[in-house]
Amino acid sequence: MTASLTLRSVNRLAAETSPYLRQHADNPVDWFPWGDDAFAAARERDRPVLLSVGYSACHWCHVMAHESFEDDVTAEEMNRLFVNVKVDREERPDVDALYMQAVQALTGHGGWPMTVFLTPDGRPFFGGTYFPPDDRPGMPSFRRLLAAIDEAWRERRDDLDGQAEQLTDALAAAATPDPAQDLPGAEVLSAARAGLGNVYEPIHGGFGGAPKFPPSMVLRFLLRDHARTGDPTSLDMARTTLDAMAAGGIRDHVGGGFHRYSVDARWLVPHFEKMLYDQALLLRAYTQGYVATRESRWATVVEEIVDYLMRDLRDDAGGFYSAEDADSEGVEGLFYIWDDAELRSLLGADADDVVSYFGVTAGGNFEGANILNVVDRTAPRSEAVTRALPLLREARARRTRPGLDDKVLLAWNALLARALAEAAAVFERADWMVTARDLVRFLGTELRGEDGRLLRSWQAGVPRHNAVAEDYAALLGAQLTLAELDDIAWLTDATRTAGDLIELFHDPDGGGFFTSGSDAHDLLVRGKDLFDNATPSANSLAADGLLRLGALTGDPRWREPAVGAVCLVADHLAATPAGFGEMLEAQERIVLPSREIVLTGDRDNPDFERLRRVVLDRILPGSITALGAAGPSAGSPLYEGRATGGTPTAYVCEGYVCREPVTSVEELERVLDTLQASR
């Protein structure tokens, strides 16, 4: 095997569409992609599988690759002793989640790069994360680990089989948690708010200490809580956090968008990768923050996120790329940091204002250089700063850009489409709505196989890998948002997506939704994605989407599977609300009286847009709307008996009771204010 490997310049990963996998195509390691061929080779050679999982924007994945996978001696040992499998966790979140759970059970923690050793039938028996090239205190070298696993495989096989059996049984048990017997009531919402207050950090915002990740879903819950209860503490927590993130180094003040997380408590020093899902989730948080407060600086944040996405992450075919790396020229953050002298030479007379605004010093705030951050969080940009930013962007464009992960992922793009549609409506940006509409059409066509099944990943025109529950549920959410804000005809697509979601992923016995489909045959266990972490969980997205679909269509069949998903985590909503920011919205829809707001009439009449703005200028928890186009056959009972042409008219119903139709802004404001006060 080793001799033949030296005769070729690339391994099997060269044929993959994942940029992360192709980064390893010229390793001396004889990598397999995940699949039957790898496990057949392991059975034939009677060797364990060494599973390595990572993603393109993972700094320590690159470090381990340079130290170990590019090293000829290490690779020779890997090839001789194991069948080596490389997985992009973003393409195969089901594989990643299953074996991450095993690693966490073994070590008490997890992360990436993830290294797991499996039997030839896929059962895990040992695992960890990063392993260095040399022994370190409490951490064996990677080559020492390889030798120890090989020795155990040859000399103590029964022990490893026993460990694998125990782990597999534990994974199977964890995949089917018992649902709560009773669905919790509205008291969970106030308990969740109190729980967040207990871990809130009042100076710099966020929840808990360093490192700090953008708590987008939790912030939206707090904004809805404030709208529902009037509690000022909810708004204060959201406002402080949104302002602190927008001012901090976690925000790319020059190019727009946000980095993945902050390594410190004050949002200054980021881990510099930029992920599509963060842009989508923060776009929603700042849009809704603007609706709640009318802070113009948050409108600027929204505009700059969208500008960044359109400029740097959009594929010509219509999808959006997954991520930009943290490193350029082998140095983390090099693309984003600034030297005081460099800034002064670029900006001339404006330099003093810019340096003061962004806290730039000769000594720097990050390894001798400067991460731009706004010293006074709420200070408006001066004319000098406004003039300087395009110059800095132009200067930065001459640097070597970080690596780009140019695969298009269904779920992340669907999250973005929903956020774009909401922002388009709030900020009256018809061009953003066109982008959202086109993006959802792209996802529904280009990421669909010949058999009609959705696929998860697309790169350079080639779709790959069956979509998981997260993909279907996120697409459902985007289609429903377009139905509410753009055209009710999107309900047809949403209904198809929901039907496929239930057919492929719903667990009618244990409740909730499996991550992988009923047609998945390459996993030991079908797990369930329950926690809202970096992205909303599949179960949260599914529960909220199905409840919205039921309200928009009047079809009660969608409610039961949604409630079942909430019941799976009901006991945790109040105890650990930071892990269920998205699911709390589904809980709101269950316990709050249903509210429907429908606009009909001539859309070209200026009064239609005036009525629409009354609705869009409010956060309305637990509501569904129909504010877009509706033909004679609208496809929703919300339009039954209501003329779709003529005088613009608003219909508001709550708790199965409808108010008198209204045609004036003042009347609609009064109705909505009265209903909101009653909640």
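Described below are features of the structure shown in this document. Just so you know, the residues in each chain are numbered from 1, in the order the chain's sequence is written. Under the rules for a predicted model, residues below a pLDDT of 70 receive no local features and side-chain atom pairs below 80 are neither given nor counted, while totals for whole chains, interfaces and linings still include all residues. To get the side-chain values, all heavy atoms of the structure are used, and hydrogens and water are removed first.

1. Focus: the sheet that holds strand 12 (residues 404–405)
Put simply, the rule reads: At least two bridges found by DSSP between two strands is the condition for calling them paired. Runs of H or I in DSSP of at least four residues are treated as helices and runs of E of at least two as strands, each being numbered from the N terminus.
Strand order in the open sheet formed by three strands is 8-9-12, with antiparallel pairing between adjacent strands. Each edge of the sheet is formed by a strand with only one pairing partner; in this case those strands are strand 8 (274–275) and strand 12. One ladder, built from two bridges, connects strand 9 (residues 323–324) with strand 12; its direction is antiparallel. Bridge pairing links Glu-324 to Leu-404 in strand 12.

2. Thoughts on the packing of aromatic side chains
Rules: Centres within 6.5 Å are what make two rings of Phe, Tyr or Trp a pair, Trp counting through its six-membered ring; a difference in plane orientation under 30 degrees is then read as stacked, over 60 as edge-to-face, and the rest as tilted. Burial here depends on accessible area, computed with a 1.4 Å probe over protein chains only, as a share of the maximum for the residue type. Under 20% is buried, over 50% is exposed, and the range in between is partly exposed.
This model, assessed by the stated rule, comprises 24 aromatic pairs. On the basis of an interplanar angle of 40 degrees and a centroid distance of 5.0 Å, the ring pair of Phe-531 and Phe-580 is categorised as tilted. Of the two residues, Phe-531 is situated in the loop between helix 20 (491–505) and helix 21 (538–553) and Phe-580 in the loop between helix 22 (559–569) and helix 23 (583–591); the sequence distance between them amounts to 49 residues. When its relative accessible area of 43% is taken as the criterion, Phe-531 is described as partly exposed. Look at Phe-580 and you get buried, because its relative accessible area is 0%.

3. Focus: the state of the cysteines
Counted only if it meets this: Count a disulfide wherever a pair of cysteine sulfur atoms falls within 2.5 Å.
Under the definition given, this model contains two disulfides. Between the sulfur atoms of Cys-58 and its disulfide partner Cys-61 the distance amounts to 2.3 Å. Residues Cys-58 and Cys-61 are joined through a disulfide that is right-handed, its torsion about the S-S bond being 80 degrees. By relative accessible area, Cys-58 is classed as buried at 4%. Judged by its relative accessible area of 3%, Cys-61 falls in the buried class. Cysteine pairing in the protein chain follows 1-2, 3-4, where each cysteine in a disulfide is numbered by its order in the sequence.

4. Details of the nonpolar core
Applied cut-off: As used here, the term nonpolar core means buried Ala, Val, Leu, Ile, Met, Phe, Trp, Tyr and Cys residues forming a set that is joined through side-chain atoms within 4.5 Å. For this analysis, residues touch if any pair of their heavy atoms sits within 4.5 Å.
Counting residues in each nonpolar core, the largest one holds 168 residues, and the members touching the most others are Phe-142, Met-245, Leu-283, Tyr-286, Leu-416 and Leu-668. A per-element tally of this core places helix 17 (residues 410–427) first, with 15 residues. Here Leu-416 is in contact with Leu-276, Ala-280, Leu-283, Leu-309, Phe-320 and Leu-439, once residues within four sequence places are set aside. Core analysis: the second largest hydrophobic core is formed by 26 residues, Val-53, Leu-98, Ala-102 and Val-116 among them.

Coordinates in, geometry out; function isn't part of it.
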